Amino acid sequence: MTKLGIGIIGCGNISASYLRLAPLFAALKPVAVADINMAAAQARAAEFGMRADTVEDLLKAADVDVIVNLTIPKIHYAITRRILEAGKHAYSEKPLVLTLTEGEDLRELAAAKGLAIGSAPDTFLGGAHQQARAAIDAGDVGQIIGGTCHVMGHGMESWHPNPDFFYQPGAGPILDIGPYYVTNLIQLLGPVKSVTSLATATFAKRTISNGPREGETVPVDTPTNIHALLDFTNGATVTLGASWDVWAHRHANMELYGETGSLFVPDPNFFGGEVEIGVHDAKITALPAWDHPFGVPNQDDLANYRCAGLADMATGIAEGRAHRCSIDLAVHAVDVMTSILRAGAERRFVDLTTTCERPDALSPDEARALLA
Ligand SMILES: NC(=O)c1ccc[n+]([C@@H]2O[C@H](COP(=O)([O-])OP(=O)(O)OC[C@H]3O[C@@H](n4cnc5c(N)ncnc54)[C@H](O)[C@@H]3O)[C@@H](O)[C@H]2O)c1
């Protein structure tokens with residue numbers, strides 16, 4: 001297996017997961033990290049035994065083929081653009097960008113330069129979501145006609161010491177957590193045709209309840225309570241409730257209703273979990289466990305295979321094939337999410353201007369082939 005040299009820009013919270021999990025994958029060879037804050041880069045480099053570069057040096061580094069953008073959402077576009085301009089393949093954390101125009105621009109630039117570009121989330125490559133995909137593709141519940149998704153809680157100020165950005169445009173539950181749900185729906189059902197929503201914010205301010213700023217309030221400038229309807233090209237109608245204004249609820253993360261049965265899919269924010277099925281009047285039962293490597297718990301009882309999408313892209317580059325966490329998928333997901341917010345603001349239906357193919361399924365054998 002050809003190993004690609006991996007560089008990372010952005011040495012915050014999630015960079016530790018990437019660097020810890022990259023060695024699981026055959027195609028990934030992390031060589032250097034960079035951050036606007038050199039001390040953060042040096043700390044991560046020391047922790048994982050690699051080089052700390054300035055951002056400029058990383059963009060020029062001869063031993064780096066792919067640069068992973070782990071900076072904050074509002075600068076994803078600018079950093080990913082610089083990576084491509086520097087002639088490196090680019091892979092971004094979610095959301096890829098905050099506007100459709102930015103996404104289209106990156107797609108064009110990558111194509112013009114003949115570079116690969118990909119984006120998280122990659123949790124849809126997890127064992128649970130691939131098992132749900134296999135069940136749908138095998139016709140176990142018939143054609144999917146609809147579904148419901150709920151990702152609701154009371155926001156980030158109880159655990160995050162600096163939750164300000166979560167409540168500003170570019171975040172909120174749709175752009176922060178929505179990518180996991182929307183991307184998984186697209187891999188399971190295909191592209192979306194149009195959306196509508198009601199999008200409100202119950203609380204004008206949030207009070208930080210942890211850390212050194214405890215008691216301080218932060219303003220809310222983006223919807224935090226969104227109820228959307230997604231009209232899929234295949235005819236399915238799915239409701240998506242995404243809220244940080246809810247203290248408790250009893251909705252499942254994802255239920256999909258087919259012509260002959262229903263499928264219950266675990267939280268798309270994670271790779272693993274149990275998929276359940278209920279066909280006709282039969283009792284709802286768990287699908288038999290299957291042997292997918294990206295569903296096996298490797299972090300206490302959690303399956304965490306972050307980097308799977310990056311590894312699939314790196315392997316795709318080496319083998320000259322397309323990758324699953326593709327720019328078309330990410331741009332379409334951004335179109336869905338930003339259109340949901342626009343529909344809410346303008347209180348109307350919004351027809352999407354983008355579409356994409358479903359990413360290829362990732363079978364247990366194909367997943368095993370990505371591992372070191
Ligand atoms: N933290 C998580 O659990 C988690 C999970 C999934 C996805 N993500 C996504 O990963 C991304 C990063 O999240 P995080 O929690 O690691 O954020 P973070 O704030 O902890 O880290 C971001 C890092 O980017 C650096 N940075 C900011 N501007 C920069 C610039 N112009 N040039 C170079 N470096 C710059 C910061 O100094 C910081 O070290 C976000 O898009 C987030 O949505 C995070």
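Up top is the structure these notes are about.
Before going into details, it helps to say that this report is about the structure given with it. All residue numbers here refer to positions counted from 1 along the written sequence of the relevant chain. This being a predicted model, a pLDDT of at least 70 is required before a residue's local features are given, and a value of 80 or more before pairs of side-chain atoms are given or counted; all residues contribute to the totals for chains, interfaces and linings. The side-chain quantities take in all heavy atoms of the structure and omit both hydrogens and water.

1. A closer look at the overall build of the protein chain
Moving on, step 1. Helix and strand counts for the protein chain stand at 11 helices and 17 strands.
Moving on, step 2. The reference for a compact globule is 2.2 Å times residues^0.38; the radius of gyration itself is calculated from the C-alpha atoms. Expected size for 372 residues packed as a compact globule is a radius of gyration near 21 Å; at 20 Å, the protein chain falls within 12% of this value.
Moving on, step 3. Principal-axis analysis of the C-alpha atoms places the extent of the protein chain at approximately 60 × 50 × 40 Å.
Moving on, step 4. Partitioning the contacts of the protein chain with sequence separation of at least 6, the portion at a separation of at least 24 is 72%.
Moving on, step 5. With residues, only the protein chains shown are counted as cover, and all accessible areas are computed by Shrake-Rupley using a 1.4 Å probe. Per element, the accessible surface of the protein chain, about 15,300 Å² overall, is 54% carbon and sulfur.
Moving on, step 6. Charged residues are defined here as Lys and Arg on the positive side and Asp and Glu on the negative side; His and the ends of the chain fall outside this count. Taken as the charge centre is NZ of Lys, CZ of Arg, CG of Asp or CD of Glu, depending on the residue. The positive charge centre, built from 28 side chains, and the negative charge centre, built from 43, are 4 Å apart in the protein chain. Strands here are runs of E lasting at least two residues and helices are runs of H or I lasting at least four, both read from the DSSP assignment and numbered beginning at the N terminus. Only heavy atoms matter for contacts: two residues are in contact if any of them lie within 4.5 Å across the pair.

2. Some details on the packing of aromatic side chains
Moving on, step 1. Any pair of Phe, Tyr and Trp rings, taking the six-membered ring for Trp, is counted once the centres come within 6.5 Å. Such a pair is stacked with planes under 30 degrees apart, edge-to-face with planes over 60 apart, and tilted for the rest. Counted under the stated rule, the structure contains 7 aromatic pairs.
Moving on, step 2. Where Phe25 meets Phe294, the ring centres are 5.9 Å apart and the plane angle is 70°; that geometry is what we call edge-to-face. With a gap of 269 residues between them, Phe25 in the loop between α1 (15-21) and β2 (28-34) and Phe294 in the loop between β16 (285-286) and α9 (308-319) connect regions that are remote in the sequence. Here Phe25 and Phe294 have matching classes, each one buried.
Moving on, step 3. Centroid distance Phe271 to Tyr305: 6.2 Å. Interplanar angle 80°. Geometry classified as edge-to-face. Residue Phe271 is located in the loop between β14 (261-265) and β15 (276-279), and its partner Tyr305 is located in the loop between β16 and α9; the two are separated by 34 residues in the primary sequence.
Moving on, step 4. Judged by relative accessible area, Tyr305 falls into the buried class, the value being 7%.
Moving on, step 5. Cluster of aromatic residues (ring-pair linked, three or more members): Trp159, Phe165, Phe166, Tyr167 and Trp244. For the exposure calls, accessible area comes from a 1.4 Å probe over protein chains only, and a residue counts as buried if that area is under 20% of its type's maximum, exposed if over 50%, partly exposed in between.

3. Here's the deal with helix α10 (residues 327-346)
Moving on, step 1. Helix span, as expected, comes to 1.5 Å for every residue beyond the first. Helix length check: α10, at 20 residues, gives a terminal C-alpha distance of 28 Å against a target of 28 Å (1.5 Å per residue), a fit within 8%.
Moving on, step 2. Burial analysis of α10 places 16 of its 20 residues in the buried class, the great majority of the element.
Moving on, step 3. Taken from the residues just after α10, Arg347 is the one with a positive phi, measuring 50°.

4. Re the site of the ligand
Moving on, step 1. The immediate surroundings of the ligand are formed by 20 residues, with Asn13, Ile14, Asp35, Ile75 and His76 found nearest.
Moving on, step 2. Distance and chemistry together define a polar contact, namely a pair of N or O atoms within 3.5 Å, with one atom able to donate a hydrogen and the other to accept it when in protein, and with adjacent residues in sequence counting only for side-chain atoms on both sides. The side chain of Asp35 places a nitrogen or oxygen atom 2.6 Å from an oxygen atom of the ligand.
Moving on, step 3. The contact in question runs from an oxygen atom of the ligand to an N or O atom on the backbone of Lys94, over 3.0 Å.
Moving on, step 4. Protein coverage of the free-state accessible area of the ligand, which is 830 Å², stands at 74%.
Moving on, step 5. Its atoms largely coinciding with the cavity grid, the ligand occupies the largest pocket. Each residue is tested against the molecule or strand, and it is near if at least one of its non-hydrogen atoms lies within 4 Å. Residues are called lining when one of their atoms sits within 4 Å of a cavity or pocket point, these points coming from a 1 Å grid over the protein atoms alone, where a cavity is a set in which a 1.4 Å probe fits but cannot get out and a pocket is an open set with protein on both sides within 12 Å along at least five of seven lines. Put plainly, a molecule is in a cavity or pocket when over half of its atoms are within 2 Å of the grid points there.

5. Some thoughts on the environment of Gly153
Moving on, step 1. Structurally, Gly153 can be placed in the loop between β7 (144-152) and α7 (172-176).
Moving on, step 2. Put simply, Gly153 and Val195 are 42 residues apart on the chain and 23 Å apart in space, counted from C-alpha to C-alpha.
Moving on, step 3. Non-local contacts of Gly153, meaning those with residues more than four positions away in its chain, are made with Ser243, Trp244, Asp245 and Val246.

6. Some remarks on the side chain of His323
Moving on, step 1. Topologically, His323 is positioned in the loop between α9 and α10.
Moving on, step 2. Among the polar contacts made by the side chain of His323, one reaches the main-chain carbonyl oxygen of Ile117 at a distance of 2.9 Å.
Moving on, step 3. Those residues in contact with His323 that sit more than four places away from it in its chain are Ala116, Ile117, Gly118, Asp312 and Met313.

7. Focus on the pairing of β14
Moving on, step 1. Counting buried residues in β14 gives 5 out of 5 residues, a clear majority hidden from the surface.
Moving on, step 2. Burial along β14 is two-sided: Gly261, Leu263 and Val265 facing one way and Ser262 and Phe264 facing the other are all buried.
Moving on, step 3. Where strand β13 (residues 254-258) folds back onto β14 in an antiparallel hairpin, the turn is made up of 2 residues. Paired strands, as defined in this entry, are two strands with at least two bridges between them according to DSSP.

8. Section: the layout of surface pockets
Moving on, step 1. Put simply, the largest pocket is a space of about 1,200 Å³.
Moving on, step 2. Around the largest pocket sit 40 residues that line it, and Asn13, Ile14, Leu70, Lys94 and Phe165 are the ones nearest its centre.
Moving on, step 3. Contributing elements (two or more residues each) for the lining of the largest pocket: α1 and α4 (76-85).
Moving on, step 4. A per-element tally of the lining of the largest pocket places α4 first, with 3 residues.
Moving on, step 5. Its residues assigned to classes, the lining of the largest pocket shows 21 nonpolar, 13 polar and 6 charged. Grid points are joined across faces, edges and corners, and a volume is the space filled by probe spheres set on the points. Gly is placed with the polar residues, together with every amino acid not listed as nonpolar (Ala, Val, Leu, Ile, Met, Phe, Trp, Tyr, Cys and Pro) or charged (Asp, Glu, Lys and Arg).

9. Observations regarding the packing of helix α5 (residues 100-113) against α10
Moving on, step 1. Remark: α5 packs on α10, axes separated minimally by 9 Å, with the N-to-C direction vectors making an angle of 170°. Comparing the axis directions of α5 and α10 gives the class roughly antiparallel. Where α5 approaches α10, its residues Leu100, Gly103 and Arg107 are matched on the opposing element by Ile327, Asp328, Val331, Val334 and Asp335.
Moving on, step 2. Among the residues forming the contact of α5 with α10, the class breakdown is 4 nonpolar, 1 polar and 3 charged. Interaxial angle, 0 to 180 degrees, is taken between N-to-C directions of lines fitted to C-alpha atoms, where a helix line uses only the stretch in contact. Roughly parallel here means an angle under 35 degrees, roughly antiparallel means over 145, roughly perpendicular means 65 to 115, and every remaining angle is called oblique.

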